[in-house]
Amino acid sequence: MTEQTHKTIGIAVVEYQGRFLVGIRPPGASLAGFAEFPGGKCEEAEAPAAAAVRECWEETGLEIAIRELLMQRRYDYYHGSVDLNFFLCHPTGDPTQHTDLRGFQWTELDALRRMKFPDANLPVLGMLEKRLRESAAS
């Protein structure tokens, strides 16, 4: 029997000019082939927001600032449970000057729904779509 694990995750939902920074999980990784926002496990005594900023830098080389907490949720996978903390973020500088995003790319919001994200991320995608509709209506 496999021992269940529990992890706290900080996730950076990085937005720039209506596009979001998204990558595809590599072969051999947990949830390989699924789309992902930059993020990862919190280190010991690290806050989820700090983990989101750190992981984005480590994964993409892009410096970001957090604008707001979008959503917190617990999700149980077969290999363990995760506390997911999704933060809406923006680049701190001009991201067009940053050309090597290490496999991540800027993706339009409507294209996100056509990508294969883990089920745990689907409510955040719905929230982003709702915000877009509301801002278009106002």
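Residues numbered from 1 in each chain as written. Predicted model: local features only at pLDDT ≥ 70, side-chain atom pairs only at ≥ 80, totals over all residues. Heavy atoms only, no water.

A. Representation of the overall build of the chain within the structure. A tally of regular secondary structure across the chain gives three helices and seven strands. The principal-axis extent of the C-alpha atoms belonging to the chain is close to 50 × 30 × 30 Å. Sorting the 138 residues of the chain into buried and exposed places 42% on the buried side. Long-range contacts, defined here as pairs at least 24 residues apart, represent 67% of the contacts in the chain between residues at least 6 apart. (Helix = DSSP H or I, 4+ residues; strand = E, 2+ residues; numbered from the N terminus. Buried < 20%, exposed > 50% of the residue type's maximum accessible area, 1.4 Å probe, protein only. Contact = heavy atoms within 4.5 Å.)

B. Inspection of the nonpolar core at higher detail. Counting 21 residues, the largest nonpolar core has Val13, Phe20, Phe37, Leu70, Phe86 and Leu112 as the members making the most contacts within it. Going through the elements one at a time, strand E1 (5–16), strand E2 (19–24), strand E5 (64–77), strand E6 (80–91), helix H2 (109–112) and helix H3 (122–137) are the ones with two or more residues in this core. With four residues, E6 is the single largest residue contributor to this core. Apart from residues no more than four positions distant in its own chain, valine 13 is found in contact with Phe20, Phe37, Leu70, Phe86, Phe87, Leu88, Cys89, Val124 and Leu128. Formed by 13 residues, the second largest nonpolar core is a distinct cluster that contains Ala12, Ile64, Phe87 and Trp106. (Core = buried A, V, L, I, M, F, W, Y, C linked by side-chain atoms within 4.5 Å.)

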